[in-house]
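Breakdown of the fold
Now for the letters of each chain:
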Amino acid sequence: MKAENEQRTGLLYGFGAYGMWGLVPLFWPLIKPSGAIEILAHRMVWSLGAVGIALLALRRWGWISEMVRHPRKLGLTALAATVISVNWGLYIWAVNNGQVVEASLGYFINPLVTIAIGVLVLAERLRRAQWAAVGIGFAAVLVLAVGYGRPPWISLTLAFSFATYGLIKKKLDMGGLESLAAETALQFLPALGYLLWLGVQGRSTFASEGLGHSALLAATGLVTAIPLVCFGAAAIRVPLSTLGLLQYLAPLFQFALGVVYFHEAMPPERWAGFSLVWAALVLLTWDALRTARRSRALLAEAAAAARPPAPSREPA
């Protein structure tokens, strides 16, 4: 029962994280004329502030001594901070340079990459339908590469960086708030140094674009911290393959925003590639639902078999 409650909680955290990430393309254009690297540095600095306030309120500091005593955890945290920095920076650049649809493709591909990493690194076993979905996803990337005239590098980099980040979070097995605090603490000094350098060079937009702009840059801490805390909490509660299934909620919102709100072009070859990706995700969803239904039936049968037989009422 406890395991079921943990998984249910993890699913709720996952839905929250990916729902917020799906709408975030609406936020980054508001911070122009700041460049992607300046926005990224502000994300790092203000995220630590947001997480620090939460830790003060909850008084959760025991993880610090544990991390200091375990160099492996510290190393994994540094690796996670590096990987997510690449993901953040590229995504901000893509959204603010009219590449929302290609960025969304990265997160459509991401569940397939996550499942593949689960097999290659964690030795998770795939069912036939999952293998078929991964194969269809690979075919989709080839179709899109032909359509673009190049591999979709933005999509592939976003997909592999975030899948790697999810794997590291799984290995760390820390609470979402604690792991994010550790990552942003490692990011803080380089980011702050860069912002100070921008200020000295007279290239910082923090104070030159008005109070509203400064407030939006400061809000990057909350925009970053809240969904990542939810993601970290989900990553330690649900299997990596399940996390992979949840991940296409965000790109679905992002794709819709790219086409409907930002009016990005969708030539036929791009529709063909996206259609293959969606077919793979439909196959994964069908397989997951079927497997979950079978698992519930087996659990019910096992529970019925484990019940002691009712006492017989024989006549005296």
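Residues numbered from 1 in each chain as written. Predicted model: local features only at pLDDT ≥ 70, side-chain atom pairs only at ≥ 80, totals over all residues. Heavy atoms only, no water.

All right, on to the pattern of salt bridges then. Tallying each qualifying case throughout the model produces three salt bridges. One salt bridge in this structure joins Arg150 and Glu102, with 3.0 Å as the shortest N-O distance. Highlighted residues: Arg150 in the loop between helix H6 (128-148) and helix H7 (153-172) and Glu102 in helix H5 (residues 100-120), separated in sequence by 48 residues. Overall, the relative accessible area of 1% leaves Glu102 in the buried class. The shortest N-O distance in the salt bridge between Asp287 and Arg127 comes to 2.7 Å. (Salt bridge = Lys/Arg side-chain N within 4 Å of Asp/Glu carboxyl O. Helix = DSSP H or I, 4+ residues; strand = E, 2+ residues; numbered from the N terminus. Buried < 20%, exposed > 50% of the residue type's maximum accessible area, 1.4 Å probe, protein only.)

Of all hydrophobic cores here, the largest spans 56 residues; its most connected members are Tyr18, Trp21, Trp28, Tyr91, Phe162, Tyr165 and Phe231. For this core, the leading source of residues is helix H4 (residues 71-96), giving ten residues. Beyond its immediate sequence surroundings of up to four residues, Trp28 is in contact with Ile39, Arg43, Tyr91, Ile92, Val95, Asn96, Thr220 and Val223. Core analysis: the next-biggest nonpolar cluster, separate from the first, contains 27 residues, Val113, Ala140, Ala159 and Tyr248 among them. (Core = buried A, V, L, I, M, F, W, Y, C linked by side-chain atoms within 4.5 Å. Contact = heavy atoms within 4.5 Å.)

Remark: the empty space left among the atoms is shown by a probe the size of a water molecule rolled over them. Approximately 270 Å³ is the volume found for the second largest pocket. Secondary-structure elements contributing two or more residues to the lining of the second largest pocket are H5, H6 and H7. Of all the elements, H5 adds the most residues to the lining of the second largest pocket, at six residues. Class assignment for the residues of the lining of the second largest pocket results in twelve nonpolar, one polar and no charged. (1 Å grid on protein atoms, 1.4 Å probe; cavity = no way out; pocket = protein on both sides within 12 Å on 5 of 7 lines; lining within 4 Å. Points joined across faces, edges and corners; volume = space filled by probe spheres on them. Nonpolar A, V, L, I, M, F, W, Y, C, P; charged D, E, K, R; others polar.)

Within the secondary structure, Thr224 is located in helix H9 (residues 211-235). Side chain to side chain, Thr224 and Arg43 meet in a polar contact 2.6 Å long. (Polar contact = N/O pair within 3.5 Å; in protein donor to acceptor, adjacent residues only side chain to side chain.)

The next subject is the environment of Val259. Looking at the element boundaries, Val259 is found in helix H11 (residues 249-261). Separated by 159 residues in the primary sequence, Val259 and Val100 have C-alpha atoms spaced 8.5 Å apart. Not counting chain neighbours up to four residues away, the residues in contact with Val259 comprise Val101, Glu264 and Met266.

Between its terminal C-alpha atoms H6 stretches 30 Å, which fits the 30 Å expected from 21 residues at 1.5 Å a residue. Three or more residues of H6 are buried, namely Ala129, Gln130, Ala133, Gly137, Ala140, Val141, Leu144, Ala145 and Tyr148. The buried residues of H6 occupy one face: seen down the axis, they fall within an arc of 165°. With respect to the buried face of H6, the exposed residues turned more than 90 degrees away are Arg128, Phe138 and Val146. Gly149 occupies a position one or two residues after H6 and carries a positive phi of about 80°. (Expected span 1.5 Å × (residues − 1). Arc of directions from axis to C-beta.)

Turning to the packing of aromatic side chains, a few remarks are in order. Two aromatic rings, taken as a pair, are described by how far apart their centres are and by the angle between their planes. Across all of its chains, the model carries 17 aromatic pairs by this definition. Consider the rings of Phe162 and Tyr165, whose centres lie 5.8 Å apart with planes at 40°: the pair is tilted. Of the two residues, Phe162 and Tyr165 both sit in helix H7, three residues apart, roughly one turn of that helix. Judged on exposure class, the residue Phe162 and its partner Tyr165 are both buried. Across the ring face of Trp88, the terminal group of Arg43 is positioned such that the distance to the ring centre comes to 4.4 Å. (Phe/Tyr/Trp six-rings, centres within 6.5 Å; stacked < 30°, edge-to-face > 60°. Lys NZ or Arg CZ within 6 Å of the ring centre and 35° of its normal.)

This brings us to empty space enclosed by the protein. Under the defined criterion, the tally for this structure stands at one cavity of 30 Å³ or more. As for the largest cavity, its lining consists of 15 residues, and the residues nearest its centre are Trp21, Asn87, Tyr91, Tyr107 and Phe162. When its residues are assigned to classes, the lining of the largest cavity shows ten nonpolar, four polar and one charged.

A cluster of nonpolar side chains, contributed by Leu23, Leu26, Phe253 and Tyr261, occupies part of the molecular surface with about 400 Å² of accessible area. Of note, Phe253 is situated in helix H11. Assessed through its relative accessible area of 39%, Phe253 is described here as partly exposed. (Patch = residues over 30% accessible without salt bridge, like charges linked within 9 Å, V, L, I, M, F, W, Y side chains within 5 Å. Areas by Shrake-Rupley, 256 points an atom, 1.4 Å probe, with all protein chains shown as cover.)

Right, let's get into the packing of H5 against H11. Two elements in contact, H5 and H11, have axes whose closest approach is 8 Å; the angle formed by their N-to-C orientations is 165°. The orientation of H5 relative to H11 falls into the category roughly antiparallel. When the axes of H5 and H11 are compared, the crossing they make is left-handed. Touching Val100, Val101, Ala103, Ser104, Tyr107 and Phe108 of H5 are Pro251, Leu252, Gln254, Phe255, Gly258 and Val259, all from H11. Of the residues assigned to the contact of H5 with H11, the class counts are nine nonpolar, three polar and no charged. (Axes fitted to C-alpha atoms, helices over the stretch in contact; angles between N-to-C directions. Parallel < 35°, antiparallel > 145°, perpendicular 65-115°, else oblique. Left-handed = near helix turned anticlockwise from the far one by under 90°.)

Turning our attention to unusual backbone geometry. Cis geometry marks the peptide bond from Lys32 to Pro33; its omega dihedral reads 15°. As for its position among the elements, Pro33 is in the loop between helix H1 (2-23) and helix H2 (36-58). Positive phi is not limited to glycine here, since His263 has a value of about 55°. Turning to its location among the elements, His263 is positioned in the loop between H11 and helix H12 (268-306).

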